[in-house]
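Each chain, written out:
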Amino acid sequence: MAKVTVKKIDKIFENGFQAVKDVSFIAEDKEFVILVGPSGCGKTTMLRMIAGLETITKGEIIIDDKIVNDVLPKDRDIAMVFQNYALYPHMTVYDNMAFALQLRRFPKAEIDRIVKESAALLEIEQLLDRKPKQLSGGQRQRVALGRAIVRDPKVFLFDEPLSNLDAKLRVQMRAEIIKLHKKLDTTIIYVTHDQVEAMTMADKMVVMKDGIIHQIDSPLKIYNNPVNLFVAGFVGSPSINQVKGTILKTNGKYFFTEGMFEVEIPNAENLAKYVNKKIIMGIRPEDIYDAEFDQMAEFPQKIKALCEVVEPMGNEFIVFLKTENAKFTARFDPKKFPKIDERIQITLDMKKALFFDMESEIKI
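Residues numbered from 1 in each chain as written. Predicted model: local features only at pLDDT ≥ 70, side-chain atom pairs only at ≥ 80, totals over all residues. Heavy atoms only, no water.

Draft legend 1. Seen up close, the overall build of the protein. Across its full length, the protein carries 9 helices and 20 strands. The dimensions of the protein, computed from C-alpha atoms along their principal axes, are 80 × 45 × 35 Å. When the 364 residues of the protein are sorted by exposure, 49% land in the buried category. Long-range contacts, defined as pairs at least 24 residues apart, comprise 65% of the intrachain contacts of the protein with a sequence gap of at least 6. Summing over all exposed atoms, the protein offers an accessible surface of approximately 18200 Å²; the carbon and sulfur share of this is 49%. Seen as two clouds, the 53 positive and the 52 negative side-chain charges of the protein have centres 2 Å apart. (Helix = DSSP H or I, 4+ residues; strand = E, 2+ residues; numbered from the N terminus. Buried < 20%, exposed > 50% of the residue type's maximum accessible area, 1.4 Å probe, protein only. Contact = heavy atoms within 4.5 Å. Areas by Shrake-Rupley, 256 points an atom, 1.4 Å probe, with all protein chains shown as cover. Lys, Arg positive; Asp, Glu negative; His and termini not counted. Charge placed at Lys NZ, Arg CZ, Asp CG, Glu CD.)

In structure tokens:
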């Protein structure tokens, strides 16, 4: 298979807009790498440069130790799966999958074997005689995958392949692509704006914003240790709570206060230079508890909050809370049904709290 190295890539369009700025990352052989970020962050442009569909303004793309900047897309041994499937509407599923092999003048028997093996892998054997208009969105996506698989490329590129599917089918196809990666044992570079896709599928996440890479690491390391406020807010659903406040030090102990409540911060020596200064605290919804119901003895400091909105999810409640100066989103156990406009007491697991510099937004 292949190792892909992206080295100090810039992309400036003719109108002067710079879509990608000094981007570098490595997709190791057989690794599943996901470029993730909000719309317009440059991730699709980056993928198209790897594929050879966009020219590179500056930098190098290296596949298996070979610089491919000037290599034509058809000669890069890469297969790309597009968001809109890009199937030929007048061809059957079989012909869509066989087309690339026919262009490469494979023997007819060999084409038949490869197409049928790939169809079996994707469980679409019964669809080979149909045309794309007769298929559902999920079936079309499988055909698009099949058309890429038959080429047996060094690298697969996926450009938001699941964004046109409904929620249930997206979950199913995520699992299918993960299984497919393990079966093919190949290198995949995948683009999405959906951080849930990135968290559940990636070996390595590359988090981008405004054409710049903010963090590269495994999904769980990025979730638990984001480098800045943007990454902390982008990764995780519901998003991390952000509260502006001040660090205090009393009797050798550190506290966070936003004016109306004060909570102790354990093991907070790294905050010493921020005493009496404004910072931002981040705390995830799952680290907020109903003080009365959960009775978390290790978090004795209780905060009064008004329950504004409750979203029943079946296995949990997403609860939107308001204090005097702050708002929180929490995940609550479904055993106790919080009521709208009810005043409750909450506790925060301050061992899980993150703190960010007010100006740079870098994690402290």
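Draft legend 2. Quick peek at the packing of helix α4 (residues 137-149) against helix α5 (residues 167-184). Running from amino to carboxyl end, α4 crosses α5 at an angle of 20°, the nearest separation of the two axes being 11 Å. In terms of orientation, α4 and α5 fall into the roughly parallel class. Classified by chirality, the crossing of α5 by α4 is right-handed. Residues Gly137, Gly138, Gln141, Arg142, Leu145 and Ile149 of α4 pack against Leu169, Gln172, Met173, Glu176, Ile177, Leu180 and Leu184 of α5. Classifying every residue of the contact of α4 with α5 gives 7 nonpolar, 4 polar and 2 charged. (Axes fitted to C-alpha atoms, helices over the stretch in contact; angles between N-to-C directions. Parallel < 35°, antiparallel > 145°, perpendicular 65-115°, else oblique. Left-handed = near helix turned anticlockwise from the far one by under 90°. Nonpolar A, V, L, I, M, F, W, Y, C, P; charged D, E, K, R; others polar.)

Draft legend 3. Quick look at the pattern of salt bridges. Counted under the stated rule, the structure contains 16 salt bridges. Between Asp75 and Lys74 there is a salt bridge whose closest N-O contact spans 3.4 Å. With a relative accessible area of 46%, Asp75 lands in the partly exposed category. By relative accessible area, which is 63% here, Lys74 ends up exposed. (Salt bridge = Lys/Arg side-chain N within 4 Å of Asp/Glu carboxyl O.)

Draft legend 4. The nonpolar core, seen in detail. Counting residues in hydrophobic clusters, the biggest one holds 47 residues, and the most contacted among them are Ile34, Met97, Leu145, Phe158, Ile177, Tyr190 and Met205. Residue contacts for Ile177: discarding those within four places in its chain leaves Phe32, Leu145, Phe158, Leu162, Tyr190 and Met201. (Core = buried A, V, L, I, M, F, W, Y, C linked by side-chain atoms within 4.5 Å.)

Draft legend 5. Examining the packing of helix α2 (residues 93-103) against helix α3 (residues 108-122) more closely. Their axes nearest at 10 Å, the elements α2 and α3 cross at an angle of 135°. When the axes of α2 and α3 are compared, the pair comes out oblique. Our pair here, α2 against α3, has a crossing hand that is right-handed. Residues Tyr94, Met97, Ala98, Leu101 and Gln102 of α2 touch α3, and the partners they reach there are Ile111, Asp112, Ile114, Val115, Ser118 and Ala119.

Draft legend 6. Examining the sheet that holds strand β15 (residues 288-290) more closely. A sheet is described by the order of its strands in space; here 5 strands give the open sequence β15-β19-β16-β17-β18, paired in antiparallel fashion. Across the chains shown, the open sheet's two edge strands, defined by having one partner strand only, are β15 and β18 (327-332). Recorded for the sheet is a direction-independent mean angle of 45° between the axes of neighbouring strands. Here β15 pairs with strand β19 (residues 343-348) via 3 bridges, running antiparallel. Along β19, the bridge assignment pairs Tyr289 with Thr347. (Pairing = 2+ DSSP bridges.)

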